[in-house]
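# Architecture at a glance
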Amino acid sequence: MTCRFALLLLDDYVDNELAPKEREALKKHLEDCSSCRQEWERTKYLKELLKQKLVNDPGEDYWKEMTNIILARTIETSSRESVTLSFTEKAAMQRGAFIRSLVSAGVSVIILVSAIILGTAQKKSDPTIYAGGNRLFAAASLKPPDKTVTTIITKKEQINQAQGMLLMGAPTFIGRFSTIFEFINSGE
Amino acid sequence: MEKTIPELVESFLNGDEKAFAELVKRYRKKIYSIAYQVLHNHLDADEVVQETFVRVYNKRQELKDVKYFTSFILRVATNYAIDLLRKRKGQKKITSDTAALPGYIQLDLSQRVATPSDNLENKRLMEEILRAFDELPYKQRLTAILHDIEGYSKAEIAKTFNCPEATVRSNLHIARKKLKKILKQRLKQKE
């Protein structure tokens, strides 16, 4: 074995990681070569020196305090905030909230549109209301309604419309506002 | 019966927070020791330990195999220690602290080498070795600390740094060569 090769194996020899065959060969070389033997002794000495305790233990009080801080920053924080969410969990939560808001916006639009359609549908089906022109829309009208026209709508129809208004809420109420006026006037 | 590390990691990954607390207890001194030897002061070592466990807790989903928990935690700790070392290097010269710490965490360089005879000589030698450590590139320094001081295997270190074992051997060889050079000079002076 050459000195160069022996020096290459020296670290593994000191770490006790050489194969038995190489180990025997190196051992024999070290017996014969004083220079390599010196290098081996230095490596061994360094390893022993580094094995010495380099850091003093800060003490049990310190470890207790440090552990409490770590647990406060991890477990306790996460239970306070319910969960520490991963990126995918956060994304799923945000997606859920977005879908919910879309659904509620969609439902609101559907309610509004159906209210307007239902509210105005009766107007179309009842030509007598249109026959009165702007006079039917009492809220906006400057002229008093034509009583001869309003009498065409029967009392029952007017009650039905009023019930419909109550059921359909505000948009319908606005759409059929004139019928209230007619209903009141019809009593006169 | 006391749970093994893989058992604790398994429980921790399944949401058992007591298992995490136990892992903190088992690894805190090891992480502190490595961090202290890299950064040479208590406050920075303390920061490394805290941040390491907070990061391990938050990144637990990244741990694919419970067998590699040691490498996983060592990687988190050494990466943080290197980051801190780079930051501190820009701020001031790193010196070992032996003062200005509460009584129970007083660290005395003279006590680091516990050989009964020739304590002063060993103290000087260790100071030189620690200085030599500081001159080594980060990976070589950490390899020497993890292997020769902390006793981790080359395979564990390779897994920690995500490199082949041959690189670990090479880094260790270079680090030892440099440290031996100092030893050689010291021993010559002594003769």
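What you are looking at is a predicted structure, and each value in this text was computed from that prediction instead of being measured. (Residues numbered from 1 in each chain as written. Chains lettered and ligands numbered in written order. Predicted model: local features only at pLDDT ≥ 70, side-chain atom pairs only at ≥ 80, totals over all residues. Heavy atoms only, no water.)

### Things to note about the packing of helix 3 (residues 34-51) of chain A against helix 6 (residues 138-149) of chain B
Rules: Axis definition: a line fitted to C-alpha atoms, over the contacting stretch in the case of helices. Angles run 0 to 180 degrees between N-to-C directions. Think of it this way: any DSSP run of H or I at least four residues long counts as a helix, any run of E at least two long counts as a strand, and we number them from the N terminus. Roughly parallel refers to an angle under 35 degrees, roughly antiparallel to one over 145, roughly perpendicular to one between 65 and 115, and oblique to any angle outside these ranges. Contacts are assigned to residue pairs that have any heavy atoms within 4.5 Å of one another. Each residue is assigned to one class: nonpolar for Ala, Val, Leu, Ile, Met, Phe, Trp, Tyr, Cys and Pro, charged for Asp, Glu, Lys and Arg, and polar for all the others, Gly among them.
Where helix 3 of chain A contacts helix 6 of chain B, the axes come no closer than 9 Å and their chain directions differ by 85°. Relative to helix 6 of chain B, the element helix 3 of chain A is oriented roughly perpendicular. On the side of helix 3 of chain A, the interface is formed by Lys47, Leu50 and Lys51 of chain A, while helix 6 of chain B contributes His147, Asp148 and Ile149 of chain B. Its residues assigned to classes, the contact of helix 3 of chain A with helix 6 of chain B shows two nonpolar, one polar and three charged.

### Here we look at the pattern of salt bridges
Put simply, the rule is: Criterion for a salt bridge: a side-chain nitrogen of Lys or Arg within 4 Å of a carboxyl oxygen of Asp or Glu.
The tally for this structure, following the rule as stated, stands at 21 salt bridges over all chains. Among the ionic pairs, Lys47 of chain A bridges to Asp15 of chain A, the shortest N-O distance being 3.1 Å. Of this pair, Lys47 of chain A sits in helix 3 while Asp15 of chain A sits in the loop between helix 1 (3-14) and helix 2 (20-32), and the two are 32 residues apart along the sequence. One network of salt bridges, in which partners are shared, links Asp11, Asp12, Asp15, Glu17 and Lys47 of chain A together with Asp148, Lys154, Glu165, Arg169 and Arg176 of chain B.

### Here's the deal with helix 6 of chain B
Residue and element names in this part refer to chain B. Spelled out, the test is: Given the number of residues in a helix, its expected span is that number minus one, multiplied by 1.5 Å. Throughout this description, buried means an accessible area under 20% of the type-specific maximum (1.4 Å probe, protein chains only), exposed means over 50%, and partly exposed covers the range between.
With 12 residues, helix 6 extends 15 Å from end C-alpha to end C-alpha; this agrees with the ideal 16 Å at 1.5 Å per step. Burial analysis of helix 6 places 11 of its 12 residues in the buried class, the great majority of the element. Taken from the residues just after helix 6, Gly151 is the one with a positive phi, measuring 80°.

### Notes on the confidence of the model for chain B
All names here are of chain B. Under the convention used in this document: Per residue, pLDDT captures the predictor's confidence, and it can take any value from 0 to 100.
Averaged over every residue, the pLDDT of chain B is 79; residues scoring 70 or more account for 79%. Counted against residues more than four places away or in other chains, residues 93-117, with its pLDDT under 50, gives 57 contacts. Both confidence scores are given for the complex: pTM 0.60, ipTM 0.75.

### So, the nonpolar core
The following threshold applies: Nonpolar core, defined: a set of buried Ala, Val, Leu, Ile, Met, Phe, Trp, Tyr and Cys residues in which side-chain atoms within 4.5 Å join the residues together. Those domain boundaries reflect an automatic or database domain assignment.
Grouped together as the largest cluster of nonpolar side chains are 68 residues, with contacts concentrated most on Phe20, Ile31, Phe53, Phe69, Ile129 and Phe133 of chain B. Counting residues per element, this core draws most heavily on helix 2 (residues 17-39) of chain B, at 13 residues. A domain-level breakdown of this core finds at least three residues from each of domain 1 (1-92) and domain 2 (113-191) of chain B. One finds Ala6, Leu9, Cys33 and Cys36 of chain A within the second-largest nonpolar core, a separate group that totals 11 residues.

### Here we look at the packing of aromatic side chains
The condition that has to hold: Centre distance within 6.5 Å is the pairing criterion for rings of Phe, Tyr and Trp, where only the six-membered ring of Trp is used; planes under 30 degrees apart are then read as stacked, over 60 as edge-to-face, and the remainder as tilted.
A full pass over the atoms with the stated rule returns 10 aromatic pairs over all chains. With a centroid separation of 5.4 Å and an interplanar angle of 85°, the aromatic rings of Trp63 of chain A and Tyr32 of chain B are classed as edge-to-face. Linking Trp63 of chain A in helix 4 (residues 60-80) with Tyr32 of chain B in helix 2, this pair reaches from one chain into another. Of the two residues, Trp63 of chain A and Tyr32 of chain B, both sit in the buried class. Ring pairing ties together the aromatic residues Tyr62 and Trp63 of chain A together with Tyr32 and Tyr36 of chain B, which thus form one cluster.

### Structural notes on the interface of chain B and chain A
Formally: Any pair of N or O atoms that falls within 3.5 Å is considered a polar contact. Within protein, one atom must be able to donate a hydrogen and the other to accept it, and sequence-neighbouring residues count only if both atoms are side-chain atoms.
Facing the 47 residues of chain B at the interface are 36 residues of chain A. Across the contact surface, chain B and chain A share 11 salt bridges. Here Glu17 of chain A makes a salt bridge to Lys154 of chain B, at a shortest N to O gap of 2.6 Å. Our count for the chain B to chain A interface comes out at 14 residue pairs in polar contact (both at pLDDT 80 or more). Looking at the side of chain B that touches chain A, the elements with two or more residues in it are helix 2, helix 3 (42-58), helix 5 (119-135), helix 6 and helix 8 (165-190) of chain B. Looking at the side of chain B that touches chain A, the element that brings in the most residues is helix 2 of chain B, giving 10 residues. Looking at the side of chain B that touches chain A, its residues break down into 23 nonpolar, 11 polar and 13 charged.

### So, the packing of helix 2 of chain B against helix 6 of chain B
Residue and element names in this part refer to chain B. Selection criterion: Should the near helix be turned counterclockwise from the far one by less than a right angle, the crossing is left-handed, whereas a clockwise turn marks it as right-handed.
Put simply, helix 2 and helix 6 touch, their axes get as near as 10 Å, and they point 135° apart. Comparing the axis directions of helix 2 and helix 6 gives the class oblique. Two packed elements cross with a definite hand, and for helix 2 against helix 6 that hand is right-handed. On helix 6, the residues that touch Ile34, Gln37 and Val38 of helix 2 are Arg141, Leu142, Ile145, Leu146 and Ile149. Looking at side-chain class alone, the contact of helix 2 with helix 6 contains six nonpolar, one polar and one charged residues.

### Brief notes about the side chain of Thr160 of chain B
Among the secondary structure elements, Thr160 of chain B is positioned in helix 7 (residues 154-161). Filtering out sequence-adjacent residues up to four positions away, Thr160 of chain B remains in contact with Ser71, Leu74, Arg75 and Thr78 of chain B.

### Quick notes on the confidence of the model for chain A
Residues and elements named next belong to chain A. When pLDDT is averaged along chain A, the result is 73, and 61% of the positions lie at 70 or above. The secondary structure element of chain A with the lowest average pLDDT is helix 6 (residues 127-131), at 50, and the one with the highest is helix 2, at 90. In the model, residues 124-128 has pLDDT below 50 throughout and makes seven contacts with residues more than four positions away in sequence or in other chains.

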